[in-house]
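Secondary and tertiary structure notes
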Amino acid sequence: MRIKILGDCYYCVSGLPISRPNHASNCVKMGLDMIEAIRAVREATGVNVDMRIGIHTGDVLCGVIGLRKWQYDVWSDDVTIANHMESGGMPGKVHITTSTLMQLDGKWDVEAGNGSTRDEYLREQGVETYFIIPKKKKLQELNENDVSMQEGGRGSMRVAKYLESWGADKPFAKITEGVTGKNAQLTSMALIESNLIQPRQYTCWNIRQWFAAEDIHPILLYFVNSDLEAEYHQQPDPLFKYYVACAAMIYLTMLLVQLFFMPRSVAFFVSYGAIALLFLLLLLLSWADTIWMTKIHSKGLSSVITDGPWLRLLIAIVTMSVVAAAAIITVVDCGELDAHLPVTNFSKFAVISDVISDEAFLVGSNATTALLPAGDTVSVCINDCYSLPYYLYCCLLALVACSVFLQVHFLLKFIIMLLVLILYNVTFLVLQLELFQQQPTSRSLLNEMSLPVQSAIYLAFFFITLHVIDRKVEYTSRLDFLWKTKFKSEREEVETMGGVNKILLENILPAHVALHFLSSNRRLDELYHQRYKSASVLFASIPNFFKEFYMQNDITRDGLECLRVLNEIIYDFDKLLLKPKFCVVEKIKTIGSTYMAASGLVPGQENSQQDSQHHVFVLLEFALSMISVLNQFNKESFNDFKLRMGMSHGEIIAGVVGAQKPQYDIWGNTVNLASRMDSHGIVGRIQVTEDTATVLTNHNFECVCRGPIAVKGRGNLITYFVKTSMDYGDLSTTKL
């Protein structure tokens, strides 16, 4: 597992987070492979680069500390030894300790490493070291690749071609096409195929589909989750006004049938008139917001009905009841009807006779006719059974009116339609049987029955059909609600996870870098990098933390309590970044007890000439705030931690490296100088380079010349200390 990248140092461990018995072998294998990889690059490009590998085996504490820019890290005395194993090693060799050698079980041959002669810390700790002797491998294929790379042109072209041949992934190259995203897409497609795209054999008569949903009861069609059931009933019904309008249209059809084909009496006009007024009122209430939308901007009665489940249910039950009653309310007036039709010639009688004789279902065999001279009347005596088919039509329409309210539970509609069916059958077969009695006039099986029995059969079949349709509508409605609820829940989870991921990403990367990687317009084939002509870098370390304070024993729980103290210190440092005046300061990383920060990393402003050195003063003020915070921490915890700081400014390059664990970092001579200012500095002082001291002095900061010091890799450099009111002691130096 890679922990972090420290400049040109690759920092990784094996055996975390799950302990592995072969962790030492894994590290050695990786070290040898890394040396082979860098050798291939060296031979292919002609650039003299190599690697030192240092490995140590021991106990570690792992975790995340601080408030900002979280990075998984490890701490312990053994980690310190591993660091010095790398610095005390030799290029092209894997440098291991005795504890690591004991874990290898003789898999590799070794030779004396003599690390104590190259590193003082290893000599002080008495660490005995060894070098791994790599096994011979066949490198013919690798050599062929090297030759092919060297055949073409300039060195830069060979480097580009060679790196492309590696096929290395770019950081966040698959942020939108990761495995999780692909799995989510596949899951969504499977959901669509299995639920939305139903096979054709699934019709309303196929009851097997009702047992498919696990969240819905297969018989009663209610949600197993009571909260989901309550939410389903509480949802508004914006289509309720259309249900009322459909019921009103059905009632109007019944009114026309009874007006033109049924007996008309006072009861008919009174009952149908009252029901018409009721429907007019319901229509006005349901459609009020639509009709007066331009005049009324507040929430009206229609919205109250739409959002009120109990009010909608009451209106639906009342509407079903009055329509069902209207179908047979005039049957009480049904009796013997004498129709006196004026006849002026024979042809008129013939027409009437044809109509009567052809409509066998409408006119029974008891009809009698008498022919009288022209100008007289024909007395046609027709039994009241002539009106039964029209009553049947009205009853069927009433059943349809019960089904138009789609959001009413199908069991409630089933009960209401069943009661209506019983009422109609009792009326036709018991109460008014004599009025509707009729002799059969056909040889068909159905017409062998009396007219009331036929009507009962028609009503029963129609009732069953409507119930099956209602059940299908109920199941579909609930399934649609279930899918919408699950989709909404999953979408909220995705949005929440997206927000959390964005926060985490911004806590790992600077905000502008995170936005770059979250953008859909970025190029996936390019590494993110940014060059800054002027930026400031700060290294602030607590040298006495690991040397004096950190201990691994039972009292400190093997160093865990010491690590808690370090976390509190880093946390207090990170809180300073939340202040608006330090908004241009960016935390880069923590390295043990060293805090690395930079300022001036603002895209688009790196070439600005206006106050181009402002970032230097902001970072210096941030350093002074860190000293103040640590002093306050010492007072509260009775400790004596001291900061040693190094600062430099100049040109740097910022970018994101690593495909599996992308990490934002900065590189350049400025970074190296700032690191050397810290490591070669004095506790309690802020050491800066000569160029940085000149900038600070020109803006009324006092700097004291330390003089020339030997800096690793840089020779002798003249450095300065920034004079502050919190300096620990005095130095005999020259002011600048």
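Everything quoted here is computed from the prediction, not taken from an experiment. (Residues numbered from 1 in each chain as written. Predicted model: local features only at pLDDT ≥ 70, side-chain atom pairs only at ≥ 80, totals over all residues. Heavy atoms only, no water.)

1. Thoughts on the environment of Asn507
Here Asn507 is to be found in helix H18 (residues 451-508). Asn507 sits 80 residues away from Lys587 along the chain, and the two C-alpha atoms are 9.9 Å apart. Apart from the residues within four sequence positions on either side, Asn507 is in contact with Leu67, Arg68, Lys69 and Trp70. (Helix = DSSP H or I, 4+ residues; strand = E, 2+ residues; numbered from the N terminus. Contact = heavy atoms within 4.5 Å.)

2. What to know about the packing of aromatic side chains
This model, assessed by the stated rule, comprises 23 aromatic pairs. Between the aromatic rings of Phe573 and Tyr595, the centroid separation amounts to 5.7 Å while the plane-to-plane angle is 80°, which identifies the pairing as edge-to-face. Separated by 22 residues along the polypeptide, Phe573 in helix H21 (residues 560-576) and Tyr595 in strand S13 (residues 594-599) bring together distant segments of the chain. The residues Phe573 and Tyr595 share a single accessibility class, namely buried. With a centroid separation of 6.1 Å and 15° between ring planes, the pair formed by Phe617 and Phe701 is classed as stacked. With a gap of 84 residues between them, Phe617 in helix H22 (residues 614-637) and Phe701 in the loop between helix H24 (690-697) and strand S17 (703-711) connect regions that are remote in the sequence. (Phe/Tyr/Trp six-rings, centres within 6.5 Å; stacked < 30°, edge-to-face > 60°. Buried < 20%, exposed > 50% of the residue type's maximum accessible area, 1.4 Å probe, protein only.)

3. Details of the packing of helix H16 (residues 410-431) against H18
When two helices pack together, their arrangement is given by the angle between the helix axes and the distance between those axes. As a packed pair, H16 and H18 sit with axes 10 Å apart at the nearest point and diverge in direction by 175°. On the basis of the axis angle, H16 is roughly antiparallel to H18. When H16 is examined against H18, the residues Phe410, Lys413, Phe414, Met417, Leu418, Leu421, Tyr424, Asn425, Phe428 and Leu429 are found in contact with a partner set consisting of Pro452, Val453, Ser455, Ala456, Leu459, Ala460, Phe463, Leu466, His467, Asp470, Arg471 and Glu474. Taken together, the residues of the contact of H16 with H18 sort by class into 15 nonpolar, 3 polar and 4 charged. (Axes fitted to C-alpha atoms, helices over the stretch in contact; angles between N-to-C directions. Parallel < 35°, antiparallel > 145°, perpendicular 65-115°, else oblique. Nonpolar A, V, L, I, M, F, W, Y, C, P; charged D, E, K, R; others polar.)

4. Quick notes on the nonpolar core
By size, the foremost hydrophobic cluster in this structure holds 50 residues, and its most contacted members are Met254, Phe279, Ala327, Phe405, Tyr424, Phe428 and Leu459. It is helix H15 (residues 388-403) that contributes the most residues to this core, 11 residues altogether. Setting aside chain neighbours within four positions, we find Phe405 in contact with Phe240, Tyr243, Val244, Ala247, Ala316, Thr319, Met320 and Lys413. Within the second largest apolar cluster, 45 residues are counted, among which are Phe545, Leu563, Tyr595 and Phe641. (Core = buried A, V, L, I, M, F, W, Y, C linked by side-chain atoms within 4.5 Å.)

5. Structural notes on the pattern of salt bridges
A side chain of one charge can pair with a side chain of the opposite charge if their charged atoms are brought near each other. Inspection of the entire model under this criterion finds 18 salt bridges. Its salt-bridge partner being Lys484, residue Asp480 comes within 3.3 Å of it at the nearest N-O pair. A residue pair is termed a helical-turn pair when its members lie 3 or 4 positions apart in one helix, as Asp480 and Lys484 do in helix H18 at 4 residues. Across the salt bridge formed by Asp665 and Lys589, the nearest N and O atoms sit 2.7 Å from each other. Of this pair, Asp665 sits in strand S15 (residues 663-667) while Lys589 sits in strand S12 (residues 585-591), and the two are 76 residues apart along the sequence. (Salt bridge = Lys/Arg side-chain N within 4 Å of Asp/Glu carboxyl O.)

6. Focus: the environment of Cys246
Summarising the element assignment, Cys246 is placed in helix H9 (residues 240-261). Taking the C-alpha atoms as reference points, Cys246 and Ala401, separated by 155 residues in sequence, lie 7.5 Å from one another.

7. Overview of the side chain of Ser76
Summarising the element assignment, Ser76 is placed in the loop between strand S5 (73-75) and helix H2 (77-87). In terms of polar contacts, Ser76 uses its side chain to reach the backbone amide nitrogen of Asp78, at 3.2 Å. (Polar contact = N/O pair within 3.5 Å; in protein donor to acceptor, adjacent residues only side chain to side chain.)

8. Description of the confidence of the model for the protein
Residues of the protein with pLDDT of at least 70 account for 74%, and the chain-wide mean is 77. Throughout residues 138-156 the model reports pLDDT below 50, and contacts reaching past four residues in sequence, or to other chains, amount to 21 contacts. Segment residues 294-298 is flagged for pLDDT under 50; beyond a separation of four residues in sequence, or across chains, it makes 0 contacts in the model. (pLDDT = per-residue confidence, 0-100.)

9. Comments concerning the sheet that holds strand S3 (residues 52-55)
With mixed pairing, the 4 strands of this open sheet are ordered in space as S3-S6-S8-S7. Two strands in the sheet have a free side with no partner beyond their single neighbour: S3 and strand S7 (109-112). Going from strand to strand, the sheet's axes swing by 35° on average, the running direction of each strand aside. The pairing of S3 with strand S6 (residues 93-97) spans 4 bridges and is classified as parallel. Residue pairing across strands places Gly54 opposite His95, the latter belonging to S6. Strand contacts of H2: S3, S6 and strand S8 (129-133), with the helix running at about 155° to S3, the strand carrying the most contacts. (Pairing = 2+ DSSP bridges.)

10. Re unusual backbone geometry
In this structure, Asp558 takes a positive phi of about 60° despite not being glycine. With a relative accessible area of 47%, Asp558 lands in the partly exposed category. Non-glycine residue Asn700 carries a positive phi angle of around 70°. Looking at the secondary structure, you find Asn700 in the loop between H24 and S17.

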